[in-house]
Amino acid sequence: MEIKFTKAETLKAKPADETKLGFGQVFTDYMLVMPYDEGQGWHDPEIRPYGPIELAPAAMCLHYGQTVFEGMKAYRTADDKIQLFRPMENFKRLNKSNERLVIPELDENLAMECLMELLKVEKDWVPSADGASLYIRPYIFAVDPFLGVKPGAHYLFMIILSPSGAYYSTGLNPVSIYVENKYVRAVRGGMGFAKTGGNYAASLIGQDEAHKQNYSQVLWLDGVEQKYIEEVGAMNIFFVIDGEVVTPELQGSILPGITRKSAIEVCKSWGMKVSERRISIQEISDAYDAGKLQEVFGTGTAAVISPVGHLKWGDKVMEINNNEIGEISQKLYDTMTGIQWGKIEDTFGWTVEVK
Ligand SMILES: *Cc1c(COP(=O)(O)O)cnc(C)c1O
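These lines cover the structure that appears in this document, whether it is placed above or below.

Criteria and cut-off values
- Residues numbered from 1 in each chain as written.
- Predicted model: local features only at pLDDT ≥ 70, side-chain atom pairs only at ≥ 80, totals over all residues.
- Heavy atoms only, no water.
- Buried < 20%, exposed > 50% of the residue type's maximum accessible area, 1.4 Å probe, protein only.
- Helix = DSSP H or I, 4+ residues; strand = E, 2+ residues; numbered from the N terminus.
- Pairing = 2+ DSSP bridges.
- Near = heavy atom within 4 Å.
- Polar contact = N/O pair within 3.5 Å; in protein donor to acceptor, adjacent residues only side chain to side chain.
- Nonpolar A, V, L, I, M, F, W, Y, C, P; charged D, E, K, R; others polar.
- Contact = heavy atoms within 4.5 Å.
- Phe/Tyr/Trp six-rings, centres within 6.5 Å; stacked < 30°, edge-to-face > 60°.
- Lys NZ or Arg CZ within 6 Å of the ring centre and 35° of its normal.
- 1 Å grid on protein atoms, 1.4 Å probe; cavity = no way out; pocket = protein on both sides within 12 Å on 5 of 7 lines; lining within 4 Å.
- Points joined across faces, edges and corners; volume = space filled by probe spheres on them.

**Side note on the pairing of strand S16 (residues 293-300)**
Okay, so step 1: Among the 8 residues in S16, 7 count as buried, and that is most of the element.
Okay, so step 2: Where strand S13 (residues 236-241) meets S16, 6 bridges bridge the pair, whose relative direction is antiparallel. Residue pairing for S16: Ile237 is matched across the bridge by Gly298.
Okay, so step 3: Sheet analysis places S16 next to strand S17 (residues 304-313), joined by 4 bridges and oriented antiparallel. Among the inter-strand pairings, Gly298 is bridged to a residue of S17, identified as Ser306.

**Remarks on the site of the ligand**
Okay, so step 1: Surrounding the ligand, one finds 15 residues, the nearest of these being Lys195, Tyr200, Glu231, Thr259 and Thr301.
Okay, so step 2: Contact between the ligand and Arg93: an oxygen atom at 2.8 Å from a side-chain N or O atom of the residue.
Okay, so step 3: In this structure, Tyr200 approaches the ligand through a side-chain N or O atom, which is 2.5 Å from an oxygen atom.
Okay, so step 4: Within the shell around the ligand, the residues separate by chemical class into 5 nonpolar, 6 polar and 4 charged.

**Notes on the environment of Ser128**
Okay, so step 1: By secondary structure assignment, the location of Ser128 is in the loop between helix H3 (108-122) and strand S8 (133-142).
Okay, so step 2: Classification of Ser128 by relative accessible area gives exposed; the value is 57%.
Okay, so step 3: Between the C-alpha atoms of Ser128 and Arg76, which are 52 residues apart in sequence, the distance is 5.9 Å.
Okay, so step 4: Not counting residues up to four positions away in its chain, the partners in contact with Ser128 are Glu18 and Arg76.

**So, the packing of aromatic side chains**
Okay, so step 1: In total, this model carries 13 aromatic pairs according to the counting rule given.
Okay, so step 2: Ring geometry for Phe348 against Trp350: centres 4.1 Å apart, planes inclined by 10°, an arrangement best described as stacked.
Okay, so step 3: Classification of Phe348 by relative accessible area gives partly exposed; the value is 28%.
Okay, so step 4: Given a relative accessible area of 6%, Trp350 falls into the buried group.
Okay, so step 5: By way of ring pairs, the aromatic residues Tyr36, Trp42, Tyr155 and Phe157 are connected into one cluster.
Okay, so step 6: The residue whose ring lies beneath Arg278 is Tyr228, and the NZ or CZ to ring-centre distance is 3.9 Å.
Okay, so step 7: The ring of Trp270 carries the charged tip of Lys331 above its face, separated from the ring centre by 4.2 Å.

**Regarding the layout of surface pockets**
Okay, so step 1: One number sums up the size of the second largest pocket: a volume of about 260 Å³.
Okay, so step 2: Lining the second largest pocket are 15 residues; nearest its centre among them are Glu89, Leu250, Pro256, Gly257 and Lys261.
Okay, so step 3: The leading source of residues in the lining of the second largest pocket is helix H5 (residues 258-269), at 6 residues.
Okay, so step 4: The class makeup of the residues in the lining of the second largest pocket is 5 nonpolar, 1 polar and 9 charged.

**With respect to the side chain of Lys312**
Okay, so step 1: Locating Lys312 in the fold gives a position in strand S17.
Okay, so step 2: Engagement of the side chain of Lys312 in a polar contact is seen with the side chain of Gln213, the distance being 3.3 Å.
Okay, so step 3: The residues contacting Lys312, other than those within four sequence positions of it, are Ile177, Tyr178, Val179, Gln213, Tyr215 and Val317.

**Some thoughts on empty space enclosed by the protein**
Okay, so step 1: Enumeration according to the criterion identifies 2 cavities of 30 Å³ or more in this entry.
Okay, so step 2: Its boundaries defined by the atoms lining it, the largest cavity holds a volume of some 90 Å³.
Okay, so step 3: Around the largest cavity, the lining residues are Met72, Lys73, Tyr75, Phe85, Asn90, Ile258, Thr259, Thr301, Met336 and Gln340.
Okay, so step 4: Looking at the lining of the largest cavity, the elements that each hand over two or more residues are strand S6 (72-76), H5 and helix H7 (327-340).
Okay, so step 5: Top element by residues in the lining of the largest cavity is S6. It accounts for 3 residues.

Everything listed here is a matter of geometry and, on its own, says nothing about what the molecule does.
Printed below as a string of structure tokens:
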């Protein structure tokens with residue numbers, strides 16, 4: 001499909017200090033927009049200057065939340081190549097989210113073509129500072145001006161780009177996590193496995209409570225019994241118990257993270273035992289008391305590997321590995337970021353170069 005290009009009158013100045021970028025605050029010169037209209041399908045993709053879009057006040061996405069999104073990064077290697085990490089996995093997952101929210105399928109190759117074209121135009125925006133990257137946000141939302149509840153007949157697919165700083169500015173600091181036992185994020189049969197704004201809206205109140213208690217993130221339990229571990233807001237969760245790596249199995253209410261999947265594959269390639277199964281918070285507490293809980297870490301595109309130093313469940317605060325990063329967490333972090341930034345050989349074939 002031909003992608004139209006509308007040139008910006010002026011270009012923005014690139015960030016002067018890439019170490020102060022933060023996350024998701026600066027946007028590049030261009031964005032990609034592609035409409036979907038019933039009967040016509042996805043059509044007329046356009047790369048045009050980044051800026052406000054016109055939306056009807058009755059646009060369905062604003063009222064009933066028919067939206068999905070993805071999150072990935074472009075990395076600049078030491079020899080000045082730009083590369084992506086398993087990008088087709090993101091577009092496959094986008095379609096799984098689409099299916100759950102009754103949004104029309106978007107051809108994964110077309111989505112990839114749109115992204116590659118946009119990245120070619122915006123290559124210079126990929127930061128070169130250590131740990132910095134260009135965050136990529138593809139998303140789809142229903143735009144029909146209609147207040148009835150039904151799946152939309154008109155959508156926009158957009159991609160915006162945001163240069164973002166290193167997640168860790170002072171090494172891998174362990175985070176403190178609070179186990180939420182009042183609210184739930186998602187239930188089986190709901191849309192927990194889909195990357196959609198509604199799951200985040202449901203999670204804000206727990207996040208707020210965690211912050212009030214000086215914890216940075218929430219560990220969600222299952223929505224039925226509130227016994228079994230699900231995930232951490234925007235990260236999947238892993239435990240190392242007595243030498244074995246364990247993570248909750250994907251059963252519908254957990255987001256199938258690409259970092260999760262990759263971490264499992266890397267651990268298996270090292271010959272480690274990895275189990276995807278149901279894990280109760282009681283089991284974790286018991287393993288802690290028995291001195292068998294060696295490491296806890298989260299996985300996600302933003303932080304890659306995020307060691308957990310404290311885990312608060314009710315009145316109990318578990319300090320993991322003396323609040324220091326564990327051996328496996330560190331090795332996973334070095335391996336995955338090494339592949340992403342092209343510092344070590346990608347024996348898995350996960351990276352895709354932007355040419
Ligand atoms: C995106 C996301 C993750 C992490 O997925 P990655 O593909 O590893 O970035 C985990 N949980 C939720 C709720 C998410 O939205």
